[in-house]
Amino acid sequence: MIALPTRRDEAWRYADLAALEALWPLPAPAAIMVPAGDTLSRAIASKGGVTQIELTLGKGASAAIHLLNGVGDYGRIELDVRLYEGADFTLDAVQLASGEQTMEIVTTVRHLEPNAKSRQTMRAIASVKGTVSYLGKVAVARGAQGTDSVQDVKSMLLDRTATANAKPELEIYADDVQCAHGATVGELDAGALFYLASRGLPPANAKKLMLQAFVAGVFDGAQDDETLTSAALAKLGEMV
Amino acid sequence: MLQINNLHATVADKPILKGLSLTINPGEIHAIMGPNGAGKSTLAYTLGGRPGYEVTGGEVTFYPRHCEEGQIHSGPTRQSSAEQGDSGLLRSARNDENGMDLLDMDPHERAASGLFLGFQYPVEIPGISNVQFLREALNAQRKERGEEPLSGGDFLKLAKEKAALLKMDMEMLKRPVNVGFSGGEKKRNEMVQMGILDPRLAILDETDSGLDIDALKVVGEGINAIMRTPEKAVLLITHYQRLLDYVQPDFVHILADGRIVKTGGPELAKQLEAEGYDAIMEAA
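In this report, the structure presented in the accompanying data block is examined. All of these numbers come straight from a predicted model, not from anything done at the bench.

### Describing the pairing of strand β11 (residues 251–256) of chain B
Residue and element names in this part refer to chain B.
- When you tally the buried positions in β11, you get five out of six residues, the bulk of the element.
- In this sheet, β11 lies alongside strand β3 (residues 29–33) in parallel orientation, the contact comprising four bridges. When the bridges of β11 are listed, His-30 appears paired with Phe-251.
- As paired elements, β11 and strand β12 (residues 259–264) share five bridges and run antiparallel to each other. Each residue of the ladder has a partner; that of His-253, found in β12, is Thr-263.
- What sits between the antiparallel neighbours β11 and β12 is a turn of two residues, in which Asp-257 has the positive phi angle 50°.

### Re helix α2 (residues 190–198) of chain A
All names here are of chain A.
- The element α2 is extensively covered by neighbouring structure, given that eight of its nine residues are classed as buried.
- Taken together, the buried positions of α2 are Gly-191, Ala-192, Leu-193, Phe-194, Tyr-195, Leu-196, Ala-197 and Ser-198.
- Backbone geometry just after α2 places Gly-200 at a positive phi near 110°.

### Quick word on the nonpolar core
- Core analysis: the biggest nonpolar cluster contains 108 residues, and Phe133(B) and Leu236(B) have the highest contact counts within it.
- Among all residues touching Leu236(B), those that are not within four sequence positions of it are Ile29(B), His30(B), Ala31(B), Ile32(B), Leu204(B), Ile223(B), Leu243(B), Leu244(B) and Val247(B).
- Of all hydrophobic cores here, the second largest spans 25 residues; its members include Ile53(A), Ile65(A), Val81(A) and Ile105(A).

Cut-offs applied
- Residues numbered from 1 in each chain as written.
- Chains lettered and ligands numbered in written order.
- Predicted model: local features only at pLDDT ≥ 70, side-chain atom pairs only at ≥ 80, totals over all residues.
- Heavy atoms only, no water.
- Buried < 20%, exposed > 50% of the residue type's maximum accessible area, 1.4 Å probe, protein only.
- Helix = DSSP H or I, 4+ residues; strand = E, 2+ residues; numbered from the N terminus.
- Pairing = 2+ DSSP bridges.
- Core = buried A, V, L, I, M, F, W, Y, C linked by side-chain atoms within 4.5 Å.
- Contact = heavy atoms within 4.5 Å.

Okay, structure coming up:
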């Protein structure tokens, strides 16, 4: 893509185009190939800007990617994933947007051959005028029978002025597939907050504890789980 | 300890408490009984400061700290500690040189000043372990009071001791708050929390509901062990006489239509059990 995208382009609809202009043109995406039977584990804490990754999983290969997106005015992580027969792809991500930050994760997971598996778990929190977006397309090719894919997307809004977008998208050309998708957008439970406050936790501590619980587990088993977790917690502390 | 004067409160604009007055002195255990819809839980939530429970009239004064001699109208003020910071708790403490205006305090400040609210339906909070939550809560209270935080080791020791008192498995304390707990386990957990937080005044909203006979005895004995001292007090909200067999009240009040309509000793609860609310309220 040479010209700067516009909002008419669905994949850039919620992007911060002003911030993007300064980054344009983008360098070529990073290409990662996991050969047949191999395993990859990668943790990425975005420092802002646009990160584009093309990931290919050969026959029977598996990859576990953990993402934290919460730094800079605009942070976008794009993953274009190709799965060959029996490949296993797991993506666990946390997005945190405060102030006027825009954070987005855009995935395309292509099940090109039979019996590949993909699991995407997204947890996003937005406060003030922050925006968190997930655009996730799962494309099942003709003949990719036995595809098993899940998109589990949960977003939390801390202020009525914050925004969360969630768009799981399925394009299926095979008939024996499982493609589950769920998306929720909510706010912190007032009853639970009162319960915590009644035990002596000030509102900010109570909120932080609940948000911690909301994202808990996402970084379990990550290559660098403590770094990701402590970075996420530090950011949560600023958001409440 | 607590003085409620002509309290009026609404929930969703509907008047529920309609001029409730009640005085609780240190060392006393009060039971409030009453038919469904009388306003018992509303009283508990209003005293706890739950959002949505709006006070439309009356005063509630809380004397948490200097009631050791049972003199609620004299004693030292919290002025000295008030100079350490300007938190809401201490700010409110200046409102009245003897007591604190409870209604002016946030829920966490009420807790830090020594109020404990035992929930009728304790909330489940997935992802947060009991011990983590309680340690944070206790240390937040201690910080608010200008005390040093408790170390992890000291906290665990305290938690173990209180769990044993309530015959609760320590493993349960490591699980997420109330998640997957039975009704009885949740109530027991409330009492373990009360033991750890060590309040001056406990308001226990139907702590006996959902308990089997053995658990009722354990919980009753727990309340006695934790709260029955000359400087503490308890307000028990209950439907049944049975809990009162274990936790002997000094006063029994009948709450009806947002007011206390009758006050007596333990015999009133027994009379209620035998005759029902209608008979007693007609007589009142």
